[in-house]
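Summary of structural features
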Amino acid sequence: MRAGDIAQAVGNTPLVALPNLSPEGYTVHLKLEGHNPTGSVKDRVAAYLIREAERHGLLQPGQRVLEPTSGNTGIGLAAICKVKGYPLTCVMPENTSEERRQLLTMFGAEIVFSPATEGSNGSVRVAREMAAADPDVHMPFQYGNAANALAHYETTAPEIIADLPEVAAFVAGLGTGGTVTGAGKRLKAWNPAIKVFAAEPEYGDLVYGLRNLDEGYVPEVLDQGVLDSRIKVNSLKALTATRELAEREGIFAGVSTGASLVVAQRICRRLPEGSHVVALSPDGGWKYLSTGAYAPGDVKEIASAISGTLWA
Amino acid sequence: MPTVRIPTVLRKHTAGEAKVAAPGSTVREVFDALIATHPGLGEDLLEDDGAVRGFINVYVDDEDIRYVSGIDTPVEDDGEIAIMPAVAGGAG
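Residues numbered from 1 in each chain as written. Chains lettered and ligands numbered in written order. Predicted model: local features only at pLDDT ≥ 70, side-chain atom pairs only at ≥ 80, totals over all residues. Heavy atoms only, no water.

In terms of regular secondary structure, chain A is built from ten helices and nine strands. A compact globule built from 312 residues would reach a C-alpha radius of gyration of about 20 Å, and chain A, at 19 Å, matches this within 12%. Principal-axis analysis of the C-alpha atoms places the extent of chain A at approximately 55 × 40 × 40 Å. When each of the 312 residues of chain A is scored for burial, the buried share is 59%. A fraction of 73% describes how many contacts in chain A between residues 6 or more apart in sequence connect residues 24 or more apart. Here chain A has roughly 12200 Å² of accessible surface; of this, 52% comes from carbon and sulfur atoms. (Helix = DSSP H or I, 4+ residues; strand = E, 2+ residues; numbered from the N terminus. Rg over C-alpha atoms; globule rule 2.2 N^0.38 Å. Buried < 20%, exposed > 50% of the residue type's maximum accessible area, 1.4 Å probe, protein only. Contact = heavy atoms within 4.5 Å. Areas by Shrake-Rupley, 256 points an atom, 1.4 Å probe, with all protein chains shown as cover.)

Further remarks concern the overall build of chain B. A tally of helices and strands in chain B yields two helices and five strands. Across chain B, helices and strands are ordered from the amino to the carboxyl terminus as β-β-α-α-β-β-β. Computed over C-alpha atoms, the radius of gyration of chain B comes to 12 Å, within 12% of the 12 Å expected from 2.2 N^0.38 for 92 residues, which places it in the range of a compact globule. Reported as C-alpha extents along the three principal axes, the dimensions of chain B are approximately 40 × 25 × 25 Å. A buried classification covers 52% of the 92 residues belonging to chain B. Once local pairs closer than 6 in sequence are excluded, the contacts in chain B between residues at least 24 apart make up 49%. Of the roughly 4000 Å² of accessible surface on chain B, a fraction of 50% belongs to carbon and sulfur atoms. Of note, chain B has its 7 positive side-chain charges centred 8 Å away from the centre of its 17 negative side-chain charges. (Lys, Arg positive; Asp, Glu negative; His and termini not counted. Charge placed at Lys NZ, Arg CZ, Asp CG, Glu CD.)

Here we come to unusual backbone geometry. In the Ramachandran plot, A:Phe141 falls in the positive-phi region, its phi being about 55° despite a non-glycine side chain. Judged by relative accessible area, which is 8%, A:Phe141 ranks as buried. Here the phi dihedral of B:Asp62 falls at roughly 80°; this positive angle occurs in a residue that is not glycine. Structurally, B:Asp62 can be placed in the loop between β3 (56-60) and β4 (63-64).

Attention now goes to the side chain of A:Thr291. Residue and element names in this part refer to chain A. Structurally, Thr291 is set in the loop between β9 (276-281) and α10 (299-306). From its side chain, Thr291 meets the backbone oxygen of Tyr288 in a polar contact 2.6 Å long. Discounting chain neighbours no more than four positions away, the residues touching Thr291 are Ser97 and Ile306. (Polar contact = N/O pair within 3.5 Å; in protein donor to acceptor, adjacent residues only side chain to side chain.)

Residues and elements named next belong to chain B. Taken together, the side chains of Glu43, Glu47, Asp48 and Asp49 present a region of like negative charge at the surface. Along the chain, Glu43 turns up in helix α2 (residues 40-45). Residue classification places Glu43 among the exposed residues on the basis of a relative accessible area of 66%. (Patch = residues over 30% accessible without salt bridge, like charges linked within 9 Å, V, L, I, M, F, W, Y side chains within 5 Å. Salt bridge = Lys/Arg side-chain N within 4 Å of Asp/Glu carboxyl O.)

Right, let's talk about the sheet that holds strand β3 (residues 65-68) of chain A for a bit. Residues and elements named next belong to chain A. The strand order across the open sheet built from three strands is β3-β4-β5, with neighbouring strands paired in parallel fashion. Each end of this open sheet is capped by a strand with a single partner; those strands are β3 and β5 (110-114). Neighbour-to-neighbour, the strand axes of this sheet turn through a mean angle of 20°, independent of strand direction. Across five bridges, strand β4 (residues 88-93) lies against β5 in parallel orientation. Paired with Pro93 across the bridge in β5 is Ser114. Of the strands in this sheet, β3, β4 and β5 touch helix α4 (residues 119-133), which is tilted by about 145° from β4. (Pairing = 2+ DSSP bridges. Axes fitted to C-alpha atoms, helices over the stretch in contact; angles between N-to-C directions.)

In this section: the environment of A:Thr69. Residue and element names in this part refer to chain A. Assignment of secondary structure puts Thr69 in the loop between β3 and α2 (72-84). Between the alpha carbons of Thr69 and Cys90 there is a distance of 6.4 Å; along the sequence they are 21 residues apart. In this structure the side chain of Thr69 is engaged in a polar contact, spanning 2.8 Å, whose partner is the backbone nitrogen of Gly71.

Residues and elements named next belong to chain A. Inspection of every chain in the model, using the stated rule, returns three aromatic pairs over all chains. Arranged with centres 5.7 Å apart and planes meeting at 45°, the rings of Phe141 and Tyr143 form a pair that is tilted. Accessibility expressed as a relative area gives 2% for Tyr143, which makes it buried. On the basis of an interplanar angle of 70° and a centroid distance of 4.8 Å, the ring pair of Phe252 and Tyr294 is categorised as edge-to-face. One end of the pair, Phe252, is in the loop between α8 (235-249) and α9 (255-267); the other, Tyr294, is in the loop between β9 and α10, and 42 residues separate them in sequence. (Phe/Tyr/Trp six-rings, centres within 6.5 Å; stacked < 30°, edge-to-face > 60°.)

Looking now at the nonpolar core. Residue and element names in this part refer to chain A. The biggest cluster of nonpolar side chains holds 36 residues, and the ones touching the most others in it are Leu18, Val171, Leu245, Val263, Ile267 and Val277. Those elements giving two or more residues to this core turn out to be β2 (27-32), β6 (167-173), β7 (195-201), β8 (229-233), α8, α9, β9 and α10. If we skip the residues at most four places from it in the chain, Val263 touches Val171, Phe197, Ala199, Ile231 and Val233. (Core = buried A, V, L, I, M, F, W, Y, C linked by side-chain atoms within 4.5 Å.)

Let's shift gears to the domain arrangement of chain A. All names here are of chain A. The assigned domain composition of chain A is domain 1 (6-38 + 155-303) and domain 2 (42-133). Look at where the C-alpha atoms of domain 1 and domain 2 centre, and you get two points 23 Å apart. Listed by partner, the interface residues are 29 residues for domain 1 and 21 residues for domain 2. Carbon and sulfur atoms make up 53% of the area that domain 1 and domain 2 hide from each other, which totals about 1900 Å². The tally of links between domain 1 and domain 2 comes to three salt bridges. One salt bridge in this structure joins Glu33 and Arg44, with 2.7 Å as the shortest N-O distance. On inspection of domain 1 and its partner domain 2, the count reaches ten residue pairs in polar contact (both at pLDDT 80 or more). Of all elements in the fold, only α5 (146-163) and α7 (205-209) reach the threshold of two or more residues within the side of domain 1 that touches domain 2. Per-element tally for the side of domain 1 that touches domain 2: the top contributor is α5, with three residues. Of the residues assigned to the side of domain 1 that touches domain 2, the class counts are eleven nonpolar, ten polar and eight charged. (Domains from an automatic or database assignment. Buried area = accessible area lost by both parts, 1.4 Å probe. Nonpolar A, V, L, I, M, F, W, Y, C, P; charged D, E, K, R; others polar.)

So, in structure tokens, the structure goes:
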């Protein structure tokens, strides 16, 4: 498989069945987005954010790109921006893992930290303030940019349809909402009977704690109408499933994958027996090794010890 | 009796309790019972027309009630209702 540059090497990821972790009578498949060039599904989004900005004349040669990101989008953008000659500033919560900081720095991105207590909402707030104060930067803003969902509409979903035309349900994590919205719309356009489920991380009290109920944030990219349901998954369940994936299927994935797997297993019984379910695995576990998520020991103790950084 | 998980910002109405039990077989019944014993909760939780406020997500056994039967979603006697503020995503 040849590619002219890194941006063209995005996508065409493997769809892998889980013979040992599928509920009896059903088959759950994982789409392993960790196989993208910088190791996450966000390479698709980063490539589309830059491509659409260039196409619409929003990004001039050498112009600085600014984006709020907890890591994966930033790393994907950093690789593409480096190759294309755009300097990049990423705003991310200060509690994100060391691996992500090192990767971003290596790709030449500047990092601005937002308070851990504000989670991703804090990154959004800080990035918006910075963009408002500096008219020379371009902020693609994945939470509100249609290119985010378009990447999944034009690439992720068609790959699933080509590999598994009988797919009955699709599960993906709820972050910006781009994956469920874009892939979900395309899958339903192709077969309206396909169900779409969002796995929503249940954050710790650290993130929810200081949240004012009047300042909630629902990303503009998310089209809630495409969802058939939305199921939250706590740290312990997600981490347990993630570790089981390694132990029983030989798949080393990030914790968001475990959350989507939990939802995929739960919704199988709502479908006719024999159904095939696709859960999207956004990334591998490599960037999270330093959190201790994969360390030997009692999964309950590990989940509670790292609940503050697990979803960061 | 179902239990209700209270987010940090609303615990001022529950004397700091993170979990409160209240009777009922739907979210509406449980919320009515809860508000009767913790009056301040009503104003923070519901709009004037009785709908759940926009940036609050309510889950029964982890499932968002918007996709079940809204405020009339049934709750088992050993079920859990969780009230959570809406939060932008993690793996972004």
